[in-house]
Amino acid sequence: MSTLHVINKANALPACLSVAGAHDALLLIEDGVYAGTTARSPQRPLYALAADVDARGLNERLGPSVTVISDAEFVQLAVDHQPIVSWR
Amino acid sequence: MSTLHVINKANALPACLSVAGAHDALLLIEDGVYAGTTARSPQRPLYALAADVDARGLNERLGPSVTVISDAEFVQLAVDHQPIVSWR
Amino acid sequence: MIYGLARMIFGIAVHGAPYGSQASASALRFAEAAVAAGHSLHRVFFYHDGVNTANGLMVPPQDDPSPQQGWVTLAERHGIELAVCIAAALKRGLVNEEERNRYGLNAASLHPAFSIVGLGQLIDAIGSSDRFVTFAA
Amino acid sequence: MIYGLARMIFGIAVHGAPYGSQASASALRFAEAAVAAGHSLHRVFFYHDGVNTANGLMVPPQDDPSPQQGWVTLAERHGIELAVCIAAALKRGLVNEEERNRYGLNAASLHPAFSIVGLGQLIDAIGSSDRFVTFAA
Amino acid sequence: MEIRRILYMLRQPPYATGHAVEALESILVAGVFDQQVSVLFRDDGVWQLLKGQNGGALGVRTIGNVAQALPEYEVKDIYVCAESLAQRGLVVDDLVLTAKVLSQREQLTLISAQHAVVND
Amino acid sequence: MEIRRILYMLRQPPYATGHAVEALESILVAGVFDQQVSVLFRDDGVWQLLKGQNGGALGVRTIGNVAQALPEYEVKDIYVCAESLAQRGLVVDDLVLTAKVLSQREQLTLISAQHAVVND
């Protein structure tokens, strides 16, 4: 089973990417969502948590590789992956 | 009078350097002292706080531009400069 | 909302304090969504600065609520244990009546919905769950 | 140790919690060194997570002490006010007897050596000092 | 108490901690106290000023609205770092209030003129 | 309770917060509980292992000594990130214990084999 990486600080994304597998899921939460803005988001697919994106006013500012998901979808990602790794 | 910049996270040093004057004093404290290690310390003179350097075992690992000072010397730097700016 | 057929047992750790980090609030929303999707949650383990979630003397501003009340409500409805690490709690001033008496303190500060446990309960939470999620500081 | 002739009034702000940051411990060493060098310090202002320094129910491990006792000793010896911001304190569960009664809480948690003040006292601390130092989280 | 030049330098993003909103509350009080207060938003602190925030998504106050109140509290000298905006793909029209954009050299000058600098 | 493969991934430096020593204490307990525990030090977490630390300078425990106790508590699988060492100018002889140095690819393999990953 592949890994779910949960990134809650934008600066932690590079460390996560250095050990993330091609089929792992990467989810940006809290201040991690700034790593999904067009000015800095990487090419690879990323998820970003809706509540954190909305609060920060970033809905129109995310890169094309970023998919916004709900809390319920976060739970489903956690069901579909193991282990779940936090990066701060 | 010139400014005293107090940096307590290594990652905050670049932001500080971008607005520090040539005659300003820069003091690394807490986890800021890692910015003074040879692998990353910049050319310009820096101070580093002895207690934080000692605790972390960095005495033999600081770059040549770094001067280790005591708590009493930190106080004297604060006397000799204004304002005092914290960077985290 | 139910996405898949799998019903899982989740374990959750909370490492950041309310007002000092989003960890407790993010973990609460995750826990609520997990329960709403039909999954179960036996224990939430509060560690590091996360133990501050359990401070029973907080007066949160109306427009800036603490996640504490949400945890208490969720725990009561679904029989979830809100477990606070004793070592992390004692040094941060989170004590129940028992610890208050043991150490001769003036008062207890822990909210009664939270229980004080040892670090072994973190291992137990991991060993008893299908998925374990840390909400970092 | 006296380096210069100047005798200054320092103001200090502490923004980080014991065990969550070094802010309170670093500020304490600075304050002790300033007083030892003949400078004065009227007020230390605890803000943000720094208010946790004032938790009167802490049981610190012997080998991992809280800076709280150092602050209390320094303040008693040199007449320094240990001022805790009321807004930051209330939402983090740091309350004195007066606030306890006002909000109908079960107990007070603030160490008696610390006083609860408004944000105006931060401005006053800046306006009354020659040098102001923030110890960040 | 003397009148001092006090600069608040805000470098942290909103929401993840309570520090951003607490720092803004502190500035509103300083404005009322007749100090010469100025505010510099830089690094991730510029995100505090972004239009379109909605704290309600997290059940908390919208930080942009708090920041917007600064001028009403007699805090008129509001600055933002040019490079911090550019690095984040932001322009002044993206911000909830009118702020003077400063170069790094201008920030150096601003800082060195202060009696005290407070950060969040 | 089942026996699980649990990885502690330690990425924070010692001393600035209590999290580093608390995470190590947590690992010592896990070792006693007969779980399949491994520990990966990477990023600033490698500083926890540096020889020559002296917590006494700050009046606190020396984190290197706490880390050194891991093997005594049946925690034998101790790993360190090669790139994190190199970026900091460190070599394995600089560390207080014997750790297996892992490439990024090997860390990926290690992580994907776990039931749970705990961070500090």
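So, a few notes on the structure that sits alongside this text. (Residues numbered from 1 in each chain as written. Chains lettered and ligands numbered in written order. Predicted model: local features only at pLDDT ≥ 70, side-chain atom pairs only at ≥ 80, totals over all residues. Heavy atoms only, no water.)

1. So, the overall build of chain A
Applied cut-off: Under the scheme used here, helices are H or I runs from DSSP no shorter than 4 residues and strands are E runs no shorter than 2 residues, and both carry numbers assigned from the N terminus. Just to be clear, the radius of gyration here is over C-alpha atoms, and the globule rule we use is 2.2 Å times residues to the power 0.38. Burial status follows relative accessibility: with a 1.4 Å probe on protein chains alone, a residue under 20% of its type maximum counts as buried, one over 50% as exposed, and anything between as partly exposed.
What chain A contains, in helices and strands, is 3 helices and 5 strands. Scanning chain A from its N terminus toward the C terminus, one meets helices and strands in the order β-α-β-β-α-β-α-β. For 88 residues, the compact-globule estimate of 2.2 N^0.38 gives 12 Å, and chain A sits close to it at 12 Å. Considered along the principal axes of its C-alpha atoms, chain A spans approximately 35 × 25 × 20 Å. Across the 88 residues in chain A, those meeting the buried criterion constitute 68%.

2. Quick notes on the sheet that holds strand β3 (residues 77-81) of chain E
All names here are of chain E. The cut-off we apply is this: Between any two strands, pairing holds if DSSP finds at least two bridges. To define axes, lines are fitted to C-alpha atoms, for helices over the stretch in contact only, and angles between the resulting N-to-C directions are given on a 0 to 180 degree scale. Residue contacts follow a heavy-atom distance rule, with two residues in contact if any of their heavy atoms lie within 4.5 Å.
A sheet is described by the order of its strands in space; here 5 strands give the open sequence β4-β3-β2-β1-β5, paired in parallel fashion. Single-partner strands in this sheet number two, and they are β4 (100-102) and β5 (116-119). Across the sheet, the mean angle from the axis of one strand to that of its neighbour is 30°, orientation sign disregarded. Those strands touched by helix α4 (residues 104-112) are β1 (5-10), β2 (36-41), β3 and β4, and its axis lies near 100° from that of β4.

3. Section: the interface of chain B and chain D
When the parts come together, some accessible area is lost, and that loss is often what is quoted as the size of the interface. Quick reminder of the rule: Once two parts are put together, the accessible area they lose, assessed with a 1.4 Å probe and summed over both, is termed the buried area. For this document, the term salt bridge refers to a Lys or Arg side-chain nitrogen within 4 Å of an Asp or Glu carboxyl oxygen.
Counting from both sides, the interface comprises 24 residues of chain B and, opposite them, 22 residues of chain D. Regarding the contact of chain B and chain D, the summed buried area is about 1800 Å², with carbon and sulfur atoms giving 58% of it. When the area that chain B buries against chain D is broken down by residue, the three leading residues are Glu30(B), Val75(B) and Val79(B), summing to 28%. Linking chain B with chain D are 1 salt bridge, by the criterion used here.

4. Notes on the packing of helix α1 (residues 23-36) of chain C against helix α2 (residues 68-78) of chain C
Residue and element names in this part refer to chain C. Applied cut-off: Orientation is classified from the angle alone, with under 35 degrees giving roughly parallel, over 145 giving roughly antiparallel, 65 to 115 giving roughly perpendicular, and any other angle giving oblique. Rotating anticlockwise by less than a right angle from the far helix to the near helix defines a left-handed crossing, while the corresponding clockwise rotation defines a right-handed one. Here the nonpolar group is Ala, Val, Leu, Ile, Met, Phe, Trp, Tyr, Cys and Pro; Asp, Glu, Lys and Arg are the charged ones; every other residue, Gly included, is treated as polar.
Contact pair α1 / α2: the axes reach a minimum separation of 10 Å and the direction vectors enclose 25°. In terms of orientation, α1 lies roughly parallel with respect to α2. The two elements α1 and α2 cross, and the hand of that crossing is left-handed. Here Ser24, Ala27, Leu28, Ala31, Glu32 and Val35 of α1 lie close against α2, whose contacting residues are Gly70, Trp71, Leu74 and His78. Each residue belonging to the contact of α1 with α2 can be placed in one class, and the counts come to 6 nonpolar, 3 polar and 1 charged.

5. Describing the sheet that holds strand β4 (residues 114-117) of chain C
Residues and elements named next belong to chain C. A sheet is described by the order of its strands in space; here 5 strands give the open sequence β4-β3-β2-β1-β5, paired in parallel fashion. Each edge of the open sheet is held by one strand with a lone partner, namely β4 and β5 (131-135). Sheet twist, expressed as the average angle between the axes of neighbouring strands with direction ignored, equals 25°. Where helix α5 (residues 120-127) meets the sheet, it contacts β2 (40-46), β4 and β5, and its direction lies at approximately 150° from that of β2.

6. Some remarks on the arrangement of the chains
Sorting the 11 pairs of chains in contact by contact count puts chains C and D at the top. If you take every C-alpha in chain A and every C-alpha in chain B, the smallest gap between them is 10 Å, and the two do not touch. There is a clear gap between chain B and chain C: no contact, and 15 Å between their nearest C-alpha atoms.

7. Brief notes about the relation of the copies chain C and chain D
Note the cut-off: When the copies are superposed, the least-squares fit takes in the C-alpha atoms of residues with a pLDDT of at least 70 in both.
It takes a turn of 180° to lay chain C on chain D, together with a shift of 0.0 Å along the axis; the resulting RMSD is 0.0 Å. Read as a symmetry element, the transformation amounts to a two-fold axis. Among all C-alpha atoms of chain C, that of Ala107(C) lies closest to the rotation axis, at 3.0 Å. Of the residues that chain C buries at the interface, 100% are likewise interface residues in chain D, meaning the two copies contact each other through the same surface.

8. Some points on a nonpolar patch on the surface
Residue and element names in this part refer to chain E. Counted only if it meets this: A residue counts toward a patch only above 30% relative accessible area and without a salt bridge, and it is joined to like-charged neighbours within 9 Å or, for Val, Leu, Ile, Met, Phe, Trp and Tyr, to nonpolar neighbours within 5 Å. The Shrake-Rupley method, run with a 1.4 Å probe, gives the accessible areas here. Residue values count only the displayed protein chains as cover.
On the surface, Met1, Val32, Phe33 and Tyr73 cluster together into a nonpolar patch covering about 390 Å² of accessible area. Looking at the secondary structure, you find Tyr73 in the loop between α2 (63-68) and β3. Given a relative accessible area of 35%, Tyr73 falls into the partly exposed group.

9. Considerations on the pairing of strand β4 (residues 66-69) of chain A
Residue and element names in this part refer to chain A. Stated precisely, the cut-off is as follows: Handedness of a crossover is defined as follows: orient the strands so they point away from the viewer, and if the path from the first strand over the helix to the second runs clockwise, the crossover is right-handed.
Inspection of the sheet shows strand β3 (residues 46-49) paired to β4 by 4 bridges, in the parallel sense. Residue pairing in the sheet places Leu46 in a bridge with Val66 of β4. Between the parallel elements β3 and β4, the chain passes through helix α2 (residues 50-56) in a crossover that is right-handed.

10. So, the side chain of Gln107(F)
With respect to the secondary-structure elements, Gln107(F) resides in helix α4 (residues 104-112). Taking relative accessible area as the criterion, Gln107(F) reaches 0% and is therefore assigned buried. For Gln107(F), the residues in contact, after removing those within four places along its chain, are Val19(A), Leu40(F), Arg42(F), Cys81(F), Ala82(F) and Leu102(F).

11. Considerations on the interface of chain C and chain D
The interface of chain C with chain D comprises 22 residues on the first partner and 22 residues on the second. Of the roughly 1800 Å² buried at the junction of chain C and chain D (both faces included), carbon and sulfur atoms supply 62%. Counting the surface chain C buries against chain D, the share from its top three residues, Leu57(C), Val59(C) and Lys91(C), is 37%. Taken together, the connections running from chain C to chain D amount to 2 salt bridges. We note a salt bridge from Lys91(C) to Asp64(D), for which the minimum N-O separation is 3.5 Å. Split by residue class, the side of chain C that touches chain D holds 12 nonpolar, 6 polar and 4 charged.

12. Some points on unusual backbone geometry
Backbone phi values are negative for most residues with the exception of glycine, while trans is the configuration of most peptide bonds. In this structure, the amide linkage connecting Gln82(A) to the following residue, Pro83(A), adopts the cis form with an omega of -5°. Mapped onto the fold, Pro83(A) is located in the loop between α3 (71-80) and β5 (84-87). Backbone geometry at Glu74(E) places phi at a positive 70°, although glycine is not the residue there. In this fold, Glu74(E) is placed in the loop between α2 and β3. Phi is positive for Asp43(F), close to 50°, though the residue is something other than glycine. As for its position among the elements, Asp43(F) is in the loop between β2 (36-41) and α2 (63-68). Given the relative accessible area of 12%, Asp43(F) is considered buried.

13. Comments concerning the nonpolar core
Rules: Residues belong to one nonpolar core when they are buried, are Ala, Val, Leu, Ile, Met, Phe, Trp, Tyr or Cys, and are joined through side-chain atoms within 4.5 Å.
Ranked by internal contacts, the top residues of the largest apolar core, which has 120 residues, are Phe10(D), Trp71(D), Tyr8(E) and Phe41(E). Considering each element in turn, this core owes the most residues, 8 residues, to helix α1 (residues 23-36) of chain D. Residues within four places of Phe10(D) in sequence aside, it is in contact with Val75(B), Ala78(B), Val79(B), Phe30(D), Ala34(D), His39(D), Ser40(D), Leu41(D), His42(D), Ser129(D), Arg131(D) and Val133(D).

14. Observations regarding α4(E)
Heads up, the condition is: Comment: arc refers to directions from the helix axis out to C-beta atoms.
Of the positions making up α4(E), those classed as buried are Gln107(E), Leu108(E), Leu110(E) and Ile111(E). For α4(E), the arc enclosing every buried residue in end-on projection is 165°, short of the 170-degree limit, so these residues lie on one face.

15. Details of the state of the cysteines
When the sulfur atoms of two cysteines share a covalent bond, that bond is a disulfide. Our working definition: Pairs of cysteine sulfur atoms within 2.5 Å are what we label disulfides.
One pass over the full model with this rule turns up 0 disulfides over all chains. Between Cys81(F), a cysteine without a disulfide, and Cys16(A), which holds the nearest cysteine sulfur, the sulfur-to-sulfur distance is 13 Å.

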